[in-house]
Amino acid sequence: MSSENSPKNPALPEPGTEPRKPRVAVVFGGRSSEHGISVVTGGAVLGSIDRSRYDVLPIGITTEGGWVLTADEPARMAITERTVPDVDALAEPGEGTVVLPVAPGNREVLYSEPGSVPKALGDVDVVFPVLHGPYGEDGTFQGLLELAGIPYVGSGVLASAVGQDKEYMKRVFTSFGLPVGPYLVIRPREWDADEAAARARVTDFAGEHGWPLFVKPARGGSSVGITKVDGPEGLDAALAEARRHDPKVLVESLLRGREIECGVLEFEDGPRASVPAEIPPVQAHDFYDFEAKYIDSAPGLVPAPLTEEQTAEVQRLAVEAFEAASCEGLVRADFFLTEDGGFVINEINTMPGFTPISMYPRMWQESGVDYPALVDQLVQAALRRSTGLR
């Protein structure tokens, strides 16, 4: 379906007609190990979206993949007593499931219960998928919305897939001339064929680049499943932990330097970069892991203490990374400022952490775009975008 033949967005009124409020479906949870953080993000978006401008439909996806209606109660979606929330606790009573349309031009969402006639929940004009990790941030969910012809916040199928798979992300960046650090990939077939040979490749890599190494799921996020390995004795446990989340494993050498992040946001005139932030060393943690990010709320420095030239360079590289991967909507680009003064890109996140304490909203707050305005900007960018090829 070409953009010329794409269905018109019913939230954009015809000339001379009275506009209605666009209806936004906020979708959160999901089947990945980042389920809980997605729920937290969903609560933040639900609590901040301007209800005078938008009608809102909260939809949760359980860890088993069921689509359910949830309570519109953002306060219940926060981290409490070091525990992340889940969709099952928020689901409305009953055994009903939410069903999206599958035909372009039909945007009516249904609620289906066993033995009952499906109930129409009304049209959805745009989906805000605050899903992290596989089955949500990796292009699979985006493909479903493309089939349905429903606009959505964030990147399309290709960019979402590239942004989720760290191997191919690095390959794309390399092809565009962006600086990338040393890495090694262990694919499932290689591991299944000869575990000893796969381990030997990692130790050879360490012999070339030195210990420590970072062993991580190739298609994960929120620092889940990542282990810092200081020597050969910790390698087996690290590989097992990474493979618990993803059969494809990425191994990276330690880049000594400062961790710098930069947000990219799509405006009508194109993508722009935020002020950068710095993630300083976390005293109670070996690196910036899941607990440091979300449980202990390790502070970042916003803006990062950089020179004007360094700030301009990392902003340029962040926008280049956004364009290289064909991203849309938003991206958080993560870099290392190495000891020799150069920037190396570590990764991008096409749906970065979006809780109020997350670095992406904080960087845009410091850049003059507060959280409600950020949500509005993303929804408006999605509403402007055509469905289909573009």
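Residues numbered from 1 in each chain as written. Predicted model: local features only at pLDDT ≥ 70, side-chain atom pairs only at ≥ 80, totals over all residues. Heavy atoms only, no water.

1. Brief notes about the overall build of the protein
When its secondary structure is counted, the protein shows eleven helices and 16 strands. Whereas a compact globule of 390 residues would reach a radius of gyration of roughly 21 Å, the protein reaches 21 Å, a difference of no more than 12%. With the principal axes as the frame, the protein shows a C-alpha extent of 65 × 50 × 45 Å. A buried classification covers 53% of the 390 residues belonging to the protein. In the protein, the share of contacts with a sequence separation of at least 24, taken over all contacts with a separation of at least 6, comes to 66%. One finds the centroid of the 34 positive side-chain charges in the protein at a distance of 2 Å from the centroid of its 58 negative side-chain charges. (Helix = DSSP H or I, 4+ residues; strand = E, 2+ residues; numbered from the N terminus. Rg over C-alpha atoms; globule rule 2.2 N^0.38 Å. Buried < 20%, exposed > 50% of the residue type's maximum accessible area, 1.4 Å probe, protein only. Contact = heavy atoms within 4.5 Å. Lys, Arg positive; Asp, Glu negative; His and termini not counted. Charge placed at Lys NZ, Arg CZ, Asp CG, Glu CD.)

2. Notes on the sheet that holds strand β3 (residues 67-69)
The strand order across the open sheet built from four strands is β3-β2-β1-β7, with neighbouring strands paired in mixed fashion. Each having just a single partner strand, β3 and β7 (126-129) make up the two edges of the open sheet. Across the sheet, the axes of successive neighbouring strands diverge by a mean angle of 30°, strand direction being ignored. Here strand β1 (residues 23-29) runs beside β7; their pairing, made up of four bridges, is parallel. Bridge pairing in β7 places Val24 opposite Val126. Along the sheet face, helix α1 (residues 35-48) touches β1, β2 (55-61) and β7 and points at about 155° away from the line of β1. This element, helix α11 (residues 371-384), spans β1 and β7 of the sheet and lies at about 130° to β7. (Pairing = 2+ DSSP bridges. Axes fitted to C-alpha atoms, helices over the stretch in contact; angles between N-to-C directions.)

3. Some thoughts on the pairing of strand β15 (residues 330-338)
Counting buried positions along β15 gives nine out of nine residues, so the element sits mostly inside the fold. Alternating residues of β15 divide into Leu330, Arg332, Asp334, Phe336 and Thr338 and Val331, Ala333, Phe335 and Leu337, and every residue in both groups is buried. Pairing between strand β12 (residues 257-267) and β15: nine bridges, direction antiparallel. Bridging across to β15, Arg258 finds its partner in Leu337. Relative to strand β16 (residues 343-349), β15 is paired through six bridges, and the arrangement is antiparallel. When the bridges of β16 are listed, Phe335 appears paired with Ile345. Counted along the chain from β15 to the antiparallel partner β16, the turn is four residues long, and its residue Gly341 has a positive phi close to 90°.

4. Overview of the sheet that holds strand β6 (residues 119-123)
With antiparallel pairing, the three strands of this open sheet are ordered in space as β4-β5-β6. This sheet does not close on itself; its edge strands, each paired only once, are β4 (97-99) and β6. Between one strand and the next, the sheet's axes are offset by a mean angle of 25°, whatever the strand orientation. Two strands pair when backbone bridges link them, and strand β5 (residues 108-112) and β6 are joined in this way by four bridges, in the antiparallel orientation. Bridge pairing links Val109 to Gly122 in β6.

5. A short note on the packing of helix α6 (residues 195-209) against helix α7 (residues 235-245)
For the pair α6 and α7, interaxial distance at closest approach is 12 Å and the crossing angle is 115°. With respect to their mutual orientation, α6 and α7 come out roughly perpendicular. Where α6 crosses over α7, the handedness of that crossing is right-handed. Only Leu235, Asp236 and Leu239 of α7 make contact with α6, whose side of the interface consists of Arg199, Val202 and Thr203. Class assignment for the residues of the contact of α6 with α7 results in three nonpolar, one polar and two charged. (Parallel < 35°, antiparallel > 145°, perpendicular 65-115°, else oblique. Left-handed = near helix turned anticlockwise from the far one by under 90°. Nonpolar A, V, L, I, M, F, W, Y, C, P; charged D, E, K, R; others polar.)

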